[in-house]
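# Summary of structural features
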Amino acid sequence: MVTTITANQLRDWIDAGESFSLLDTRPEGSFEAWHIQGAIQYTYKPDFEFDVEEFREATGLSSDDSVVTICAKGIASHDLATHLEDSGFEDVTVVEDGMEGWSEVYDVVEIPTSGDLEVLQFQRRAKGCLGYLIADPAAEIAAVVDPTRHVDRFASAASERGYSIEHVFDTHVHADHVSGGRELAEYVGATYYLGADAADRGVDYEYEPLARNEVVTVGDHDLKAVPSPGHTSEIVSYLLDDEAVLTGDTLFVDSVGRTELQFGDGAADTGAQRLYDSLHRTLLAEPDSVTVLPGHFAVDADGTTDVTPGEPVASTIGEVRTELDLLAVDRETFVARLTASLPEKPPNYEQIIDINAGRDEPEDEAAATELELGPNNCAASGD
């Protein structure tokens, strides 16, 4: 009988340095668009006739190898694994929930803070999405910023620590993933917030609008709304006490947000000009010691990333000011560099925007999963 593991177990095997060959059975186009680092591509569907000699020649694998198979949902890879076992492969394992399961793998990381403030960073490994739980342990009160649609991850983390989630925030109308903000707020009975300018995006649901410099308290801690338009017109960063700033897709640890998803390719320079002002007049005006907590980290289509999963994805205002050369150029150069080379747009981004603005909704969980498959593409290249 074929052995199965979950995507979370696959994550643990990878992190532990287990020795195995990961075999991705999806078509070449799907594989090239997004796969796990180091995977071998071998197209297989359940109705294909299996030839073990052709398989060996195509993959370079032999019956002595430890093989883990993965496909989109765990169906084709399970069928192939059965053929491999029948052909003498003795160590074959299937990722039972496939790449759909991989897209839902999270690492929860504690961000160092001073005092009694607790900040947890939720890292969605395959997409590079980052969400946050901010809590005052003494008051047992928490807030969540930029939750993904897997709201149980955030609710469970709060419950395990004895926190009541009273506030849920989105930094903006996301384009690369379906937000869980409204769903989480409804689930736990919290207030849901967006920046005041979200009305200009045609947001079609109830939310609490936050004006410039408006403060929401989380126990003894303050979250201040700091508009930082550029990536989108309504995007807001949240200043947490004098300790950290949650920047959404305005500022990353190694780049800045792209500016044409809302404004359009022809008007990307409008967004770039606004982004330059947001960075230099607002975020970079904060003290160098303030921690930068972004909304994403970069994951390439081949699964490679510059961050270490399970470790904080963070920087400081001082570090990005000195290390990110795009922040050292003048306004004209910044705009030119940001608009000269636009990265590929996130898959299905227009429909995802409509869903996050309340103008559409996915048919079901499977449809939402399909919409989100693949890494995020929210950062500008700046080359």
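Predicted model, so just to flag it, every value in this text is computed and none were measured. (Residues numbered from 1 in each chain as written. Predicted model: local features only at pLDDT ≥ 70, side-chain atom pairs only at ≥ 80, totals over all residues. Heavy atoms only, no water.)

### Quick look at helix 6 (residues 151–160)
When helix 6 is considered as a whole, its buried residues turn out to be V151, F154, A155, A157 and A158. All buried residues of helix 6 fall inside an arc of 160° around its axis, so they share one side. Summarising the geometry of helix 6, the exposed residues directed more than 90 degrees from the buried face are S159 and E160. Considering only its buried residues, helix 6 is in contact with strand 7 (118–124), strand 8 (129–136), strand 9 (141–145), strand 10 (164–169) and helix 7 (181–188). Just downstream of helix 6 lies G162, where phi reads positive at about 80°. (Buried < 20%, exposed > 50% of the residue type's maximum accessible area, 1.4 Å probe, protein only. Helix = DSSP H or I, 4+ residues; strand = E, 2+ residues; numbered from the N terminus. Arc of directions from axis to C-beta. Contact = heavy atoms within 4.5 Å.)

### Here we look at the pairing of strand 7
For strand 7, the buried fraction is high: 7 of the 7 residues fall into the buried class. Side chains E118, L120, F122 and R124 of strand 7 all project onto a buried face; the interleaved residues V119, Q121 and Q123 project onto the opposite face, where all are buried too. Bridge count between strand 6 (residues 106–111) and strand 7: 6 bridges; the pairing is antiparallel. Note that in strand 7 the partner of E110 across the bridge is L120. Linking strand 6 back to strand 7 in an antiparallel pair, the connection comprises 6 residues, with G115 at a positive phi of about 70°. Pairing of strand 7 with strand 8 involves 7 bridges; the strand directions are antiparallel. Bridge pairing in strand 8 links E118 to A135. What sits between the antiparallel neighbours strand 7 and strand 8 is a turn of 4 residues, in which G128 has the positive phi angle 80°. (Pairing = 2+ DSSP bridges.)

### Let's talk about the side chain of H221
Within the secondary structure layout, H221 lies in strand 14 (residues 221–227). Here D116 takes part through its side chain, which lies 3.1 Å from a polar atom of the side chain of H221. Look past the residues within four positions of H221 in its chain and what remains in contact with it is D116, L117, D136, V216, L240 and D241. (Polar contact = N/O pair within 3.5 Å; in protein donor to acceptor, adjacent residues only side chain to side chain.)

### What to know about the UniProt feature "domain: Rhodanese" (unreviewed entry) in the chain
In the UniProt entry, the feature "domain: Rhodanese" (unreviewed entry) is given for residues 16–111. A distance of 23 Å separates the end C-alpha atoms of residues 16–111, which is 31% helix and 23% strand. (UniProt positions renumbered as here; feature names shortened; annotations may be inferred.)

### What about helix 12 (residues 349–356)?
Every buried residue belonging to helix 12 is among Y349, I352, I353, I355 and N356, and all of these are buried. Across the axial projection of helix 12, the buried residues extend over an arc of 160°, all falling on one side. At its buried positions, helix 12 is contacted by helix 7, helix 8 (260–263) and helix 13 (365–372). Just downstream of helix 12, G358 is the residue with a positive phi angle, here 85°.

### Considering the pattern of salt bridges
Summed over all chains, the structure comprises 19 salt bridges. Across the pair R125 and D15 runs a salt bridge, and its minimum N-O distance is 2.9 Å. Linking R125 in the loop between strand 7 and strand 8 with D15 in helix 1 (residues 7–15), this pair joins segments that are 110 residues apart in sequence. With a closest N to O distance of 3.6 Å, E118 and R161 form a salt bridge. Of the two residues, E118 is situated in strand 7 and R161 in the loop between helix 6 and strand 10; the sequence distance between them amounts to 43 residues. E118 sits in the buried class, given a relative accessible area of 14%. (Salt bridge = Lys/Arg side-chain N within 4 Å of Asp/Glu carboxyl O.)

### Concerning the sheet that holds strand 8
Strand order in this open sheet of 7 strands is 6-7-8-9-10-11-12, and the pairing throughout is mixed. Each having just a single partner strand, strand 6 and strand 12 (208–210) make up the two edges of the open sheet. Taking the axes of each pair of neighbouring strands and ignoring which way they run, one obtains an average angle of 25° across the sheet. Both strand 8 and strand 9 contribute to a ladder of 5 bridges, which runs antiparallel. Residue A135 lies in a different strand from strand 9, and its bridge partner there is A142. (Axes fitted to C-alpha atoms, helices over the stretch in contact; angles between N-to-C directions.)

### Brief notes about the domain arrangement of the chain
A common way to report how large an interface is uses the accessible area buried once the components associate. Here the chain is described as being made up of domain 1 (3–101) and domain 2 (105–380). For domain 1 versus domain 2, the separation of C-alpha centres amounts to 34 Å. Contacts between the two partners involve 13 residues from domain 1, matched on the other side by 14 residues from domain 2. Both faces considered, domain 1 and domain 2 share a buried interface measuring about 1,100 Å² in area, 53% of it formed by carbon and sulfur atoms. (Domains from an automatic or database assignment. Buried area = accessible area lost by both parts, 1.4 Å probe.)

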